[in-house]
Amino acid sequence: MKRLLAVPFSLSLGICLSLAQPAHGFTQIFCNSTPIKWSNPNVTVIAGEESFPPGNYRDALSSTINKINGNPSNLRYSLGYDAPNPAIGDSTNQIWFEDSNEPNDLDGAPAITYLYYTCPGSRIVEADVIFDIQQPYTTSTITTNLYGYGGSNRPFQTTLTHELGHAFGLDHTNTIYNVMGTDYTHIHTDDNNSYAYLGEDATNGAVAIYGISSNRPQDLSVSHWKYQGTSGAYSTHQRTQIFNSSGNLLTSTTLNGEPVYSVSANQPVQVEFTYENNGADAQNTTVGLYLSPDIGITTGDLQIANINRTLNRNQPDTLRDLITIPSTLAPGYYYLGTIVDPGNSLAETDETNNSTYIRVNLIPQSPVISSFTPASGSPGTSVVLTGSNFSGISYVAFNGIPANFTVNSPAQITASVPNNATTGSLFVSGPYGGTNSATSFTVTTAAPPPTISDFSPTSGPVGSVITINGSNFTGVSAVKIGNLTMPFTVNSSGQILATIPANGVTGAISVTTPTGTATSSTFVITQVAFNYSPLSYFPIQGCRLVDTRNSSAGALGAGETRAFVIHSGGANFNYAAQGGSSSGCGIPADAKAVFFNFVTVAPSGSGDLQAWPFGTSVPTASVLNYAQVSGLNIANGLVLPVCNPAAITCTKDLNVQANQSSMQLVIDAVGYFKTP
């Protein structure tokens, strides 16, 4: 016996119940206890001639069926056109519009599917889909035109997907987020467009009825809609939401039909999206979370999380992820978005449904001073302020007196106590307000400037340690010879020990504190004499001492000076940290000079290389000129003395400097000289 089943799309409202979601939510249509289905899963549907002439509705019909045919089951629709007089019960599967103001088959529904099937036998033999022409349908995908986004139009494509789901043999479902519930809120939205899709639950139902396709198509998607409750036989859906770290819903407003959640910089929030696996197989994938200034979410936006996730084809997964709103963004409107499979590692039947968003408003936050250190100091003292929301700070004051300052980060400011400051609170202000510190900064009497009475020795080679005598050496920030900074130790308020640097030149000695700079007479740099005689040459098999390509320091930069160990490590020294041999090169610690081979590799341009013993002045001559020549590495071999431990403490043995252009440097040893 052949039976007729009319499956309307109802808009009636029912009581909303909170239901636990089952392992799957799809509901099948049964004949007795057997689900109905097509005996041949290749189903042809003919569009009505008057209802679907060439144009927008025909195009929407075709594109929607193509999307449905991407499902992983064996069921496929073929589309024909120009059915002249479509009617139910004529043994032809057809789609058309009717006017609900006239006697018709719509039964008060905006759309209805009529299924003819045998019972017993449970075989579908005809499916007809009728749309009410009086409904405000649109084929537009522009989000603001549509139901659910403040628009006044019902998306034709979502209703068509719902009705063709009935033609699969699926009934209405009210326990899960799915297209067989309220179809116009089962929709994928990104950028400014929204698109219909079959979804995980209906896909799972299709596979359960018709089996899985041998080519196993794959598809992942994400939506900013989720299951809400029931309205009769239909599931209702609501927008996904944003919660605080405790799970409480954040405050939101509505702007252009969209919820906008208020967030603040550094705020931890839980963001919620619905992820679906519409394909054949479970997928281990990644999900990226991003903040974008515009509505289109891409991998070029600011990524704030990357999450490993397993998505099975069983039910939609509405999940929350805990993230922190970045502190580097200016206040304003943003789109907090997600992309599933951001690296496109999975080949999918639909690559357009992998991202969506929730809109947020980053609220301006006034600056906060939580602490400062030191708690007291004289004019010129550096004070570090710690707090939050320091981006854009334009004014810092000590008890109302403006100060020079630097914003180190959104959480830190360094300010200098101004000369006429008095004890009182600190104040900072910027584009989003100002704030005072809870406690006062105590201004003390300014310390006198430093003085230098003498230093010794007054001359010597680089590496010499100088004793500087004077007064008021409290808070010393720099000790220099000429314009070159020297390493130093403050022994007391009246004495400093400083070391002439490897690139030191003759010049005046100066000491700087917060209250001033003292300058002395000139320290004269003398050369280190190398009077080794007689010396014998000991050849070795070429051995690598340096290869910047294999060291963590990397290429030698233009103008950069770098020092290396050559002999002071001894015959078995491990040169691996310099990129060289890990088992030594046999150069003894008492070697006086080494026969080097210098090689420049992959220079960024033309330049010259200087090399000289550690602890001596930079020579005026270079050991090698190099240029950027494809396929050519330029080398030069020569003998150079190495650091003399009798004249200086040899923490390193050889200095090199690249001039004008960066390059990779290789240094090999082929022999050495020492006293026999």
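Just so it is clear, the model here is predicted, and its values are computed rather than measured.

## Re the sheet that holds strand β48 (residues 593-601)
Ordered in space as β46-β53-β48-β51, the four strands form an open sheet in which the pairing is antiparallel. Because the sheet does not close on itself, it has two edges, and the strands there are β46 (536-547) and β51 (634-641). Between one strand axis and the next, the sheet turns by 20° as a mean value, whatever way the strands run. Of the pairings in the sheet, the one linking β48 to strand β53 (residues 664-674) comprises nine bridges and is antiparallel in character. The partner of Phe-595 across the bridge, within β53, is Gly-671.

## Structural notes on the sheet that holds strand β30 (residues 382-388)
The strand order across the open sheet formed by four strands is β28-β30-β34-β33, and the pairing between neighbours is antiparallel. The open sheet is flanked by β28 (368-373) and β33 (405-409), the only strands paired with a single partner. Strand-to-strand twist across the sheet, computed as the mean angle between neighbouring axes with direction ignored, equals 25°. Judged from the four bridges that link them, β33 and strand β34 (residues 412-416) form a sheet pairing that is antiparallel.

## Things to note about the environment of Asn-104
If you trace the backbone, Asn-104 turns up in the loop between β8 (94-98) and β9 (111-118). The class for Asn-104 is partly exposed, based on a relative accessible area of 26%. Residues Asn-104 and Ile-130, spaced 26 residues apart in sequence, show a C-alpha to C-alpha distance of 9.8 Å. Residues contacting Asn-104, with those up to four places away along its chain left out, are Glu-98 and Asp-99.

## So, the confidence of the model for the chain
Across the chain, pLDDT averages 90, with 95% of residues at or above 70. Note on residues 8-23: pLDDT under 50 across the span, and 42 contacts to partners over four residues away in sequence or across chains.

## Here we look at unusual backbone geometry
Here the bond from Cys-119 into Pro-120 is cis, since omega is 5°, no more than 30 degrees from zero. Within the element layout of this structure, Pro-120 appears in the loop between β9 and β10 (123-132). Cis rather than trans, the peptide bond between Thr-373 and Pro-374 has omega equal to 0°. Mapped onto the secondary structure, Pro-374 falls in the loop between β28 and β29 (376-377). One non-glycine residue with positive phi stands out, namely Ser-122, at about 55°. Tracing the chain through its elements places Ser-122 in the loop between β9 and β10. In this model, Asp-341 sits at a positive phi of 55°, which is unusual for a non-glycine residue.

## Notes on the packing of aromatic side chains
This model, assessed by the stated rule, comprises 23 aromatic pairs. Measuring from centroid to centroid gives 5.7 Å for Tyr-149 and Trp-225, while their planes differ by 90°, and the two rings are edge-to-face. One end of the pair, Tyr-149, is in the loop between β11 (137-138) and β12 (154-155); the other, Trp-225, is in strand β17 (residues 225-231), and 76 residues separate them in sequence. No difference in accessibility class separates Tyr-149 from Trp-225, as the two residues are buried. By way of ring pairs, the aromatic residues Phe-52, Tyr-57, Phe-97, Phe-131, Tyr-137 and Phe-156 are connected into one cluster. When the ring centre of Tyr-275 is taken as origin, the NZ or CZ atom of Arg-309, which lies over that ring, is 5.0 Å away. Cation over ring: Arg-320 sits above Phe-243, and NZ or CZ is 3.5 Å from the ring centre.

## Description of the state of the cysteines
All chains considered together, the criterion is met by three disulfides. Bridging Cys-643 to Cys-650, the disulfide has an S-S length of 2.1 Å. Classification of the bridge connecting Cys-643 and Cys-650 rests on its S-S torsion, roughly -85°, and on that basis the disulfide is left-handed. Bonded cysteines in the chain are paired 1-2, 3-4, 5-6 when counted in the order they occur along the chain.

## Describing the nonpolar core
Grouped together as the largest cluster of nonpolar side chains are 39 residues, with contacts concentrated most on Tyr-77, Ile-95, Phe-131, Phe-156, Leu-164 and Phe-168. Those elements giving two or more residues to this core turn out to be β6 (42-48), α1 (56-68), β8, β9, β10, α2 (156-168) and α3 (199-210). Not counting residues within four places of it along the chain, the set of residues in contact with Phe-156 comprises Phe-52, Tyr-57, Ala-60, Leu-61, Phe-97, Phe-131, Tyr-137, Thr-138 and Thr-139. With 29 residues, the next largest nonpolar core counts Ala-591, Phe-596, Met-663 and Tyr-672 among its residues.

## Examining the packing of α1 against α2
Between α1 and α2, the least distance of the axes is 10 Å, while the angle of their chain directions is 50°. In terms of orientation, α1 and α2 fall into the oblique class. Judged by the sense of rotation from one axis to the other, the crossing of α1 with α2 is right-handed. Here Tyr-57, Ala-60, Leu-61, Thr-64, Ile-65 and Ile-68 of α1 lie close against α2, whose contacting residues are Phe-156, Gln-157, Leu-160, Thr-161, Leu-164 and Phe-168. For the contact of α1 with α2, a count of residues per class yields nine nonpolar, three polar and no charged.

## Notes on α3
Here α3 contains twelve residues, and its C-alpha end-to-end distance of 16 Å stays within 8% of the 16 Å for a straight helix at 1.5 Å per residue. Considered for burial, the residues of α3 that qualify are Gly-199, Glu-200, Asp-201, Ala-202, Thr-203, Asn-204, Gly-205, Ala-206, Val-207, Ile-209 and Tyr-210. Gly-211, located one to two residues past α3, shows a positive phi value of around 80°.

## A look at the environment of Ala-502
Turning to its location among the elements, Ala-502 is positioned in the loop between β43 (495-499) and β44 (507-513). Ala-502 sits in the partly exposed class, given a relative accessible area of 27%. Along the chain, Ala-502 and Thr-161 lie 341 residues apart, while their C-alpha atoms are 78 Å from each other.

## Re α1
With 13 residues, α1 extends 18 Å between its outermost C-alpha atoms, agreeing within 8% with the 18 Å of an ideal straight helix rising 1.5 Å per residue. Restricting attention to buried positions, one finds in α1 the residues Arg-58, Ala-60, Leu-61, Thr-64, Ile-65 and Ile-68. Buried residues in α1, looked at end-on, bunch into an arc of 160°, giving them a common side. Turned more than 90 degrees away from the buried face of α1 sit Asn-56 and Asn-66, all of them exposed. Tucked into the core, α1 has its buried residues touching β6, β7 (76-83), β8 and α2.

## Quick word on the pairing of strand β36 (residues 433-443)
Of the pairings in the sheet, the one linking β29 to β36 comprises two bridges and is parallel in character. In the strand pairing of β36, Ser-376 is matched with Thr-442. One ladder, built from six bridges, connects strand β35 (residues 424-430) with β36; its direction is antiparallel. Within β36, the position partnered with Ser-429 by the bridge is Gly-434. In this antiparallel pair of consecutive strands, β35 and β36, the connection spans two residues.

Reading guide: rules and limits
Residues numbered from 1 in each chain as written. Predicted model: local features only at pLDDT ≥ 70, side-chain atom pairs only at ≥ 80, totals over all residues. Heavy atoms only, no water. Pairing = 2+ DSSP bridges. Helix = DSSP H or I, 4+ residues; strand = E, 2+ residues; numbered from the N terminus. Axes fitted to C-alpha atoms, helices over the stretch in contact; angles between N-to-C directions. Buried < 20%, exposed > 50% of the residue type's maximum accessible area, 1.4 Å probe, protein only. Contact = heavy atoms within 4.5 Å. pLDDT = per-residue confidence, 0-100. Phe/Tyr/Trp six-rings, centres within 6.5 Å; stacked < 30°, edge-to-face > 60°. Lys NZ or Arg CZ within 6 Å of the ring centre and 35° of its normal. Disulfide = S-S within 2.5 Å. Core = buried A, V, L, I, M, F, W, Y, C linked by side-chain atoms within 4.5 Å. Parallel < 35°, antiparallel > 145°, perpendicular 65-115°, else oblique. Left-handed = near helix turned anticlockwise from the far one by under 90°. Nonpolar A, V, L, I, M, F, W, Y, C, P; charged D, E, K, R; others polar. Expected span 1.5 Å × (residues − 1). Arc of directions from axis to C-beta.

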